[in-house]
Amino acid sequence: MDKSCTLLVHYDKGTPAVAKEIKEALEGNDVEAKVDAMKKAVMLLLNGETIPQLFITIIRYVLPSEDHTIQKLLLLYLELIEKTDSRGKVLPEMILICQNLRNNLQHPNEYIRGVTLRFLCRLKETEIVEPLTPSVLQNLEHRHPFVRRNAILAIMSIYKLPNGDQLFVDAPEMIEKALSTEQDPSAKRNAFLMLFTCAEERAVNYLLSNGDKVSDWNESLQMVVLELIRSVCKTKPAEKGKYIKIIISLLSATSSAVIYECAGTLVSLSSAPTAIRAAANTYCQLLLSQSDNNVKLILLDRLSELKSLHRDIMVELIIDVLRALSSPNLDIRKKTLDIALDLITHHNINEVVQMLKKEVVKTQSGELEKNGEYRQMLIQAIHACAVKFPEVASTVVHLLMDFLGDSNVASALDVVAFVREIIETNPKLRVSIITRLLDTFYQIRAGKVCPCALWIIGEYCLSLSEVESGIATIKQCLGELPFYSISEESEPTETSKKIQPTSSAMVSSRKPVILADGTYATQSAASETTFSTPAVVQGSVTSGNLRTLLLTGDFFLGAVVACTLTKLVLRLEEVQPSKTEVNKTVTQALLIMVSMLQLGQSPASPHPIDNDSYERIVLCIKLLCHRNEEMKKIWLESCRQSFVKMISEKQLTEMAELKAKTQTTNAQPDDLIDFFHLKSRKGMSQLELEDQVQDDLKRATGEFTKDENDANKLNRILQLTGFSDPVYAEAYVTVHHYDIALEVTVINRTKETLQNMCLELATMGDLKLVERPQNYSLAPETSMQIKANIKVSSTETGVIFGNIVYETSNVMERNVVVLNDIHIDIMDYISPAVCSEAAFRTMWAEFEWENKVAVNTTIQNEREFLDHIIKSTNMKCLTAPSAIEGECGFLAANLYAKSVFGEDALVNVSIEKQTDGALSGYIRIRSKTQGIALSLGDKITLKQKGSS
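In this text the structure is predicted, and so the values were computed from the model without any measurement.

Criteria and cut-off values
- Residues numbered from 1 in each chain as written.
- Predicted model: local features only at pLDDT ≥ 70, side-chain atom pairs only at ≥ 80, totals over all residues.
- Heavy atoms only, no water.
- Helix = DSSP H or I, 4+ residues; strand = E, 2+ residues; numbered from the N terminus.
- Axes fitted to C-alpha atoms, helices over the stretch in contact; angles between N-to-C directions.
- Parallel < 35°, antiparallel > 145°, perpendicular 65-115°, else oblique.
- Left-handed = near helix turned anticlockwise from the far one by under 90°.
- Contact = heavy atoms within 4.5 Å.
- Nonpolar A, V, L, I, M, F, W, Y, C, P; charged D, E, K, R; others polar.
- Salt bridge = Lys/Arg side-chain N within 4 Å of Asp/Glu carboxyl O.
- pLDDT = per-residue confidence, 0-100.
- Expected span 1.5 Å × (residues − 1).
- Buried < 20%, exposed > 50% of the residue type's maximum accessible area, 1.4 Å probe, protein only.
- Pairing = 2+ DSSP bridges.
- Phe/Tyr/Trp six-rings, centres within 6.5 Å; stacked < 30°, edge-to-face > 60°.
- 1 Å grid on protein atoms, 1.4 Å probe; cavity = no way out; pocket = protein on both sides within 12 Å on 5 of 7 lines; lining within 4 Å.
- Points joined across faces, edges and corners; volume = space filled by probe spheres on them.
- Core = buried A, V, L, I, M, F, W, Y, C linked by side-chain atoms within 4.5 Å.
- Domains from an automatic or database assignment.
- Arc of directions from axis to C-beta.

It is worth spelling out the environment of Ile859 at this point. Looking at the element boundaries, Ile859 is found in the loop between β15 (849–854) and α38 (862–873). As a C-alpha pair, Ile859 and Gly917 span 58 residues in sequence and 9.4 Å in three-dimensional space.

Written out as structure tokens, the structure is:
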């Protein structure tokens, strides 16, 4: 069996040292050779070799050595070797080392004494330790602190051994006496730790008698004090009032580690507003003073926990939390904004928005590489603020509209989505937003942003001046028509080939063709460049952003331009009394649409126009040629009504999610009622009074009665062996983020004692056993609990397998009972999460791992199948309920979840109902890592058959 050891040494098994060579080196007089030989012996022991023939050689030739390195290696060797036989009795030869250890404990050199005392801390054999106890006690009064601090640890370890309290009957009393006179910080800490571990009452008395001096103690001692307070208050909650003052005094300590632990202890012990406020202030101060990003992330996690439990107190500190935005790390900034957005109220919204505006302005400096991503986060945060509190929209909307032409397309998309929502929810801002949008429209260069901006112009330009300005802006950004022109030539002569340069900066794509009548012509598509180039066009062209995008083949944008012009012309009819002006505008709009169709069908275009865009533009042409009231109502009212409905559904969904997050607890009818006002308040501090009130409130609301569902607990019990096996075993599996805890119940069903019984486990996947197996003895027809901890490092389906090995007194051969495999479910690692549609699409495009699962189910209803997949995969449906309503035979939905390791899981469900009623289609899973995509695919394949 492998033995645990504090020494970790790399060892190459390919070149094992020969015991004979080691023995010869040890018998020689060369100190360096002896050191190398001892190292090789230790390495062999670490790799499972026993080498018993070396023991006597080491006793004879190494034990008497005065070299410190050899003595240190000797102690490591003695720590590793087997000291007992198969019956647990100490080997006779171990007596040989006792005299040497006694000599070392009385050695004039402090280092030899100290390392020997440290070695004694690792000995578990009482027979070896017993004769050494007088020498250990003598070292308590040694002049050197290194010896004293190790002597205290040795006494503590011996005292904790079986029957150790008989070896040192008055050990706690001696340590307490030493603690009162000790001046060395480390020795003092060890002494207090010994009292805490072995005589808690003495440690508590010492702490309370020196409570006013705790803030002056050493950092390591203060950490042990906090550990003691947590331990005592856990067993005796009623006495926590004694320790709160000590904890609050430690909040002013100089050590950041102590302050952090102190704040955590305060939160765990008290729910009084004063205590929570002090802890939150401490976390905020550390957040600003610490430079390590990992520390900042941990502190933000603690603040997030406080926010969920004590939101009212955290609201007061929102500005302090937002100061963490000064960190250049994006993860820290994102987490800070997430916390702050949950703490916004009517009282602090103006301050928060003002601070966010300043941060947005800072991102324009361009000093940092990720300014664009940070700006996008800030815009999203401001958007959320303006949705919750519409009154602040007027202070930020104009600032954000400056970023419509941002080079970071994601930021510009967020801005235009924000503007679209604000212009609908804040009618008072409509005129100023439209005016600003028309003024800045030419700056928009992204093909994804222009359609949304055009939709806003088409829907919210209502007055005559706004409609005319909207049409004029679009015409200006399209430039002069046509986009594509043909110039005829009678003969292909040198003179006819000469081209006059135009006044605008143009570049042309030229191609000679022969017309039907036999004459030559040149095709050209014109676009703007930074230098003057000749182009075959009719008249001068002033290119804009829309023209540039159209000439690159973005005909979806062309269709949006046509729809916007159609809406503006229809509205112009309502607000313009002059029919002549209306007809003139209609003619200009028709000319633009026909020019776009001409460009899309010309060979000069990068690619031909798609059918959807073509049909959309043609529909607009037909509508302008044959206008009627019914179509006008659909185009001018229905589109906007759909948008209003979408916003309402979004708000309802957010409210439902907020309601779901709010935990409801109920008190039991027979719960004890404490009448706080009738209690005696004599001797209670203000903090204790507040704490008592909070406890009463929790008891009244049932917060103390949150117990795990018993049925849930039973579902997690797995049978590992059969009922006919001599050893029956079952496991209760608990998955908690990065840890899996196994509680295995083993029952001896035989009439014999099971000796050296061992639960041997192994894992497959990204699972790792934390502890090595231990041997146990199990009496006949009795049971015992064996605990095993397993670390998880990624979101993959893992398997735990193993067996139980044991011996009986009759047969010394080892018996093996093979255990059933334990499959760790991926569903334990992932939880439903929410992200925006834009973020989902971005991740979908970036993630490289995809798993495509064909739909194969007995369920015949599309919505029922989707609900079954959502329940089976523990994911959140991002698609709006209105988008998947009705019976059309088709369904497409996006699902999203996040793992405890921060991994994103994306799922797209696309299904169609066949004529025979069966469902067909595909479920596509994408993730950044292979494991989550494969595991989720296996889960869906297993579960999609039916509602089992």
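Moving on, we come to the packing of helix α2 (residues 31–46) against helix α4 (residues 68–80). Where α2 contacts α4, the two axes come as close as 10 Å, and the packing angle between them is 20°. When the axes of α2 and α4 are compared, the pair comes out roughly parallel. Seen along the crossing, α2 lies across α4 with a hand that is left-handed. Touching Val31, Lys34, Val35, Met38, Lys39, Val42, Leu45 and Leu46 of α2 are Thr69, Ile70, Leu73, Leu74, Leu76, Tyr77 and Leu80, all from α4. When its residues are assigned to classes, the contact of α2 with α4 shows 12 nonpolar, 1 polar and 2 charged.

Turning our attention to the pattern of salt bridges. Counted by the stated rule, this structure contains 29 salt bridges. In this structure, Glu359 and Lys362 form a salt bridge, with 3.2 Å as the shortest nitrogen-oxygen distance. In this pair, Glu359 and Lys362 both sit in helix α22 (residues 349–362), 3 residues apart, roughly one turn of the helix.

To continue, consider the confidence of the model for the chain. On average, residues of the chain carry a pLDDT of 81, and 84% of them reach 70 or more. Predicted confidence for residues 516–520 stays below pLDDT 50, and this span has 9 contacts to residues more than four positions away or in other chains. Confidence over residues 704–709 falls short of pLDDT 50; this stretch has 9 contacts with residues more than four positions distant or in other chains.

Turning our eyes to something else, we now look at helix α9 (residues 145–159). The end-to-end C-alpha separation of α9 is 21 Å, in line with the 21 Å expected for 15 residues at 1.5 Å each. Most of α9 is tucked away, with 11 of its 15 residues classed as buried. Buried residues of α9: Val147, Arg148, Asn150, Ala151, Ile152, Ala154, Ile155, Met156, Ser157, Ile158 and Tyr159, and no others. In this fold, the buried residues of α9 make contact with α6 (110–120), α7 (126–129), α8 (133–138), α10 (164–167), α11 (171–181) and α12 (185–198).

Let's shift gears to the sheet that holds strand β8 (residues 767–769). Ordered in space as β4-β5-β6-β10-β8, the 5 strands form an open sheet in which the pairing is antiparallel. The open sheet terminates on both sides in strands that have one partner only, identified here as β4 (717–719) and β8. On average, each strand axis in the sheet is tilted by 30° relative to the strand beside it, whichever way the strands run.

As a further point, take the environment of Leu123. Tracing the sequence through the fold places Leu123 in the loop between α6 and α7. With 40 residues separating them in the primary sequence, Leu123 and Lys83 have C-alpha atoms 9.6 Å apart.

Turning our attention to the side chain of Glu125. Counting through the fold element by element, Glu125 comes out in the loop between α6 and α7. The contact partners of Glu125, leaving out residues within four places of it in the chain, are Lys83, Thr84 and Val90.

What follows deals with the packing of aromatic side chains. Counting across every chain of the model gives 8 aromatic pairs. Relative to Tyr283, the ring of Tyr260 has its centre 5.9 Å away and its plane inclined at 55°; by these criteria the two rings are tilted. Of this pair, Tyr260 sits in helix α16 (residues 256–269) while Tyr283 sits in helix α17 (residues 273–289), and the two are 23 residues apart along the sequence. For Tyr260, a relative accessible area of 22% translates into the label partly exposed. Aromatic side chains Phe840 and Trp844 sit 5.9 Å apart centroid to centroid with 20° between the ring planes, which places their arrangement in the stacked category. Of this pair, Phe840 and Trp844 both sit in helix α37 (residues 837–846), separated by 4 residues, roughly a single helical turn. The burial state of Phe840 is the same as that of Trp844; both residues are buried. Among the aromatic side chains, those forming a connected cluster through ring pairs are Phe192, Tyr206 and Trp217.

For the rest of this paragraph, the subject is unusual backbone geometry. Although it is not a glycine, Asn756 adopts a positive phi angle of roughly 50°. Looking at the secondary structure, you find Asn756 in strand β7 (residues 754–764). Residue Asn756 is classed as partly exposed on the basis of its relative accessible area of 29%. The backbone of Asn874 shows a phi angle near 55°, a positive value even though the residue is not glycine. Following the sequence through the fold, Asn874 ends up in the loop between α38 and β16 (876–877). A relative accessible area of 28% places Asn874 in the partly exposed class.

All told, the structure shown has 2 cavities of 30 Å³ or more when counted by the stated rule. When its volume is computed, the largest cavity comes out at roughly 60 Å³. Contributing elements (two or more residues each) for the lining of the largest cavity: α4 and α6. Here the element with the most residues in the lining of the largest cavity is α4; it accounts for 4 residues. Volume-wise, the second largest cavity comes out at about 40 Å³. Along its surface, the second largest cavity is lined by Leu720, Leu742, Val744, Leu761, Ile800, Phe801, Gly802, Leu819, Asn820 and Ile822. Listing elements by their share of the lining of the second largest cavity, those giving two or more residues are β6 (739–748) and β11 (798–807). Counting residues per element, the lining of the second largest cavity draws most heavily on β11, at 3 residues. The residue inventory of the lining of the second largest cavity, partitioned by class, reads 8 nonpolar, 2 polar and no charged.

With that out of the way, let us pick up the nonpolar core. Ranked by internal contacts, the top residues of the largest apolar core, which has 209 residues, are Tyr77, Leu120, Phe192, Leu207, Leu546 and Met593. Among the elements that line this core, the one with the most residues is helix α31 (residues 555–575), at 12 residues. Shared between two domains, this core takes at least three residues from each, and those domains are domain 1 (344–460) and domain 2 (461–484 + 544–635). Beyond its immediate stretch of four places on either side in the chain, Leu546 contacts Phe441, Cys450, Leu454, Ile474, Cys477, Leu478, Leu557 and Val561. Counting 28 residues, the second-largest nonpolar core is a separate cluster that includes Met757, Ala788, Leu819 and Ile822.

Let's shift gears to helix α33 (residues 611–625). Relative to the 21 Å expected for 15 residues at 1.5 Å per residue, α33 spans 21 Å between its end C-alpha atoms, a close match to the ideal helical length. Buried within α33 are the following residues: Ser613, Ile617, Cys620, Ile621, Leu623 and Leu624. The buried residues of α33 all sit within an arc of 165° when viewed along its axis, so they share a single face. For α33, exposure combined with an orientation more than 90 degrees from the buried face picks out Asn611, Asp612, Glu615 and Lys622.

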